[in-house]
Amino acid sequence: MTGQVRTVDGRVAGRRGQATRQKLLDCLSEMLRSSPYRDVKVIDVARKAGTSPATFYQYFPDVEGAVLELAEEMAKEGAGLTELVAGRSWVGKAGRQTAEELVEGFLDFWRSNDAILRVIDLGAAEGDKRFYKIRMKILGSVTTSLTEAVKELQSKNKVDKDVNPAAMAGSLVAMLAAVASHQKGFQTWGVKQTEIKPNLALLVHLGITGKKPSK
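On a predicted model such as this, the values are computed, not experimentally measured, just so you know.

K.L.:
Account for unusual backbone geometry, naming residues and giving values.
P.N.:
At N157, a position not held by glycine, the phi torsion is positive, near 60 degrees. Inspection of the secondary structure puts N157 in the loop between α7 (129-155) and α8 (165-181).

Now the structure itself:
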């Protein structure tokens, strides 16, 4: 890793500098879990990391800059969600398993990264193109894979030709993201966590194949 990370003024950070930078990011990530994004101050992050604001500013221009770094790192992890779809079968029992594993992967990813995803959603909703691009990076790869899945099923006459693959895939991914970000809210409606997955998987399978999953 040495030589791959630079300070704000362009200097290459050594191992110790990289460790300090990562500790600042880790502390910021932890603070975002319990504090509103705009309430987090540089001095608080630095104090939690056991360093000074001056050191923080060596690596990040401001809190928002550090948040964007966290978001970019998380987006790389989110790109792996496409592995739950790419090249997978949507026929028979295998199709049911594909839908279930996609749903489980989405919900798990959102739970693990809830704090930073909330910040990304807020920034994107407010029109910040940087956060919007990161959100699209996370969702785009899955959307592309699902689009290809619908096209393949259409080529085999298993899905109606009137279905627009990209529109269907995009709608399903938007649904998955919305449900994943609202998992805690379902409890207020009397819906248990274990009940979300099978019902969401049913909707995904119906959307991609036009059929109920095989039992």
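K.L.:
Just give me the short version of the pattern of salt bridges, but keep the residues and values in it.
P.N.:
For the coordinates displayed, the defined rule picks out 15 salt bridges. E69 serves as the salt-bridge partner of R21, at 3.0 Å between the closest nitrogen and oxygen. Here R21 is found in helix α1 (residues 15-32), whereas its partner E69 is found in helix α4 (residues 63-78), with 48 residues between them in sequence. Judged by its relative accessible area of 10%, R21 falls in the buried class. A relative accessible area of 31% means that E69 is categorised as partly exposed. The partner of E152 in a salt bridge is K156, with the nearest N and O atoms 3.2 Å apart. Taking the relative accessible area as the measure of exposure, K156 reaches 48% and is therefore partly exposed.

K.L.:
Break down helix α6 (residues 114-125) for me, with residues and values.
P.N.:
Here α6 spans 16 Å end to end across 12 residues, near enough to the 16 Å set by a 1.5 Å rise per residue. Inspection of α6 places A115, I116, L117, V119, I120, G123 and A124 among the buried residues, and these make up the whole buried set. Buried residues along α6 sit against α1, α4, α5 (92-112) and α7. Positive backbone phi, approximately 90 degrees, marks G127, located one or two places after α6.

K.L.:
Tell me about the side chain of D128, and name the residues and values.
P.N.:
The residue D128 is located in the loop between α6 and α7 in this model. By relative accessible area, which is 19% here, D128 ends up buried. Within polar-contact distance, the side chain of D128 engages the side chain of R130 at 2.9 Å. Residues in contact with D128, not counting those within four places in the same chain, are E64 and G123.

K.L.:
Lay out the layout of surface pockets in plain terms, naming residues and giving numbers.
P.N.:
Taken as a whole, the largest pocket encloses approximately 410 Å³ of empty space. Every residue lining the largest pocket is counted, 22 residues in all, and those nearest its centre are W110, R111, N113, D114 and A115. Broken down by secondary-structure element, the contributors of at least two residues to the lining of the largest pocket are α1, α4, α5, α6 and α8. Considering only residue class, the lining of the largest pocket consists of 7 nonpolar, 8 polar and 7 charged.

Cut-off values and rules
- Starting from 1, residues in each chain are numbered consecutively following that chain's sequence as written.
- Per-residue local features of the predicted model are confined to residues with pLDDT of at least 70, and side-chain atom pairs are confined, for both listing and counting, to 80 or more; whole-chain, interface and lining totals are unaffected and use all residues.
- With hydrogens and water stripped out, all remaining heavy atoms of the structure feed into the side-chain values.
- Secondary structure elements follow DSSP: runs of H or I of four or more residues count as helices, runs of E of two or more count as strands, with numbering from the N terminus.
- Any Lys or Arg side-chain nitrogen located within 4 Å of an Asp or Glu carboxyl oxygen qualifies as a salt bridge.
- Throughout this description, buried means an accessible area under 20% of the type-specific maximum (1.4 Å probe, protein chains only), exposed means over 50%, and partly exposed covers the range between.
- A helix is expected to span 1.5 Å for every residue after the first.
- By definition in these notes, contact holds between two residues if any of their heavy atoms fall within 4.5 Å.
- In protein, a polar contact requires one atom able to donate a hydrogen and another able to accept it; more generally it is a pair of N or O atoms within 3.5 Å, and residues adjacent in sequence count only if both atoms are side-chain atoms.
- For cavity detection a 1 Å grid was placed over the protein atoms alone, and a set of points counts as a cavity when a 1.4 Å probe fits there but cannot get out; an open set counts as a pocket when protein lies on both sides within 12 Å along at least five of seven lines, with lining residues being those that have an atom within 4 Å of a point.
- Grid points are joined across faces, edges and corners, and a volume is the space filled by probe spheres set on the points.
- Gly is placed with the polar residues, together with every amino acid not listed as nonpolar (Ala, Val, Leu, Ile, Met, Phe, Trp, Tyr, Cys and Pro) or charged (Asp, Glu, Lys and Arg).

Just geometry here; none of it tells us what the structure is for.
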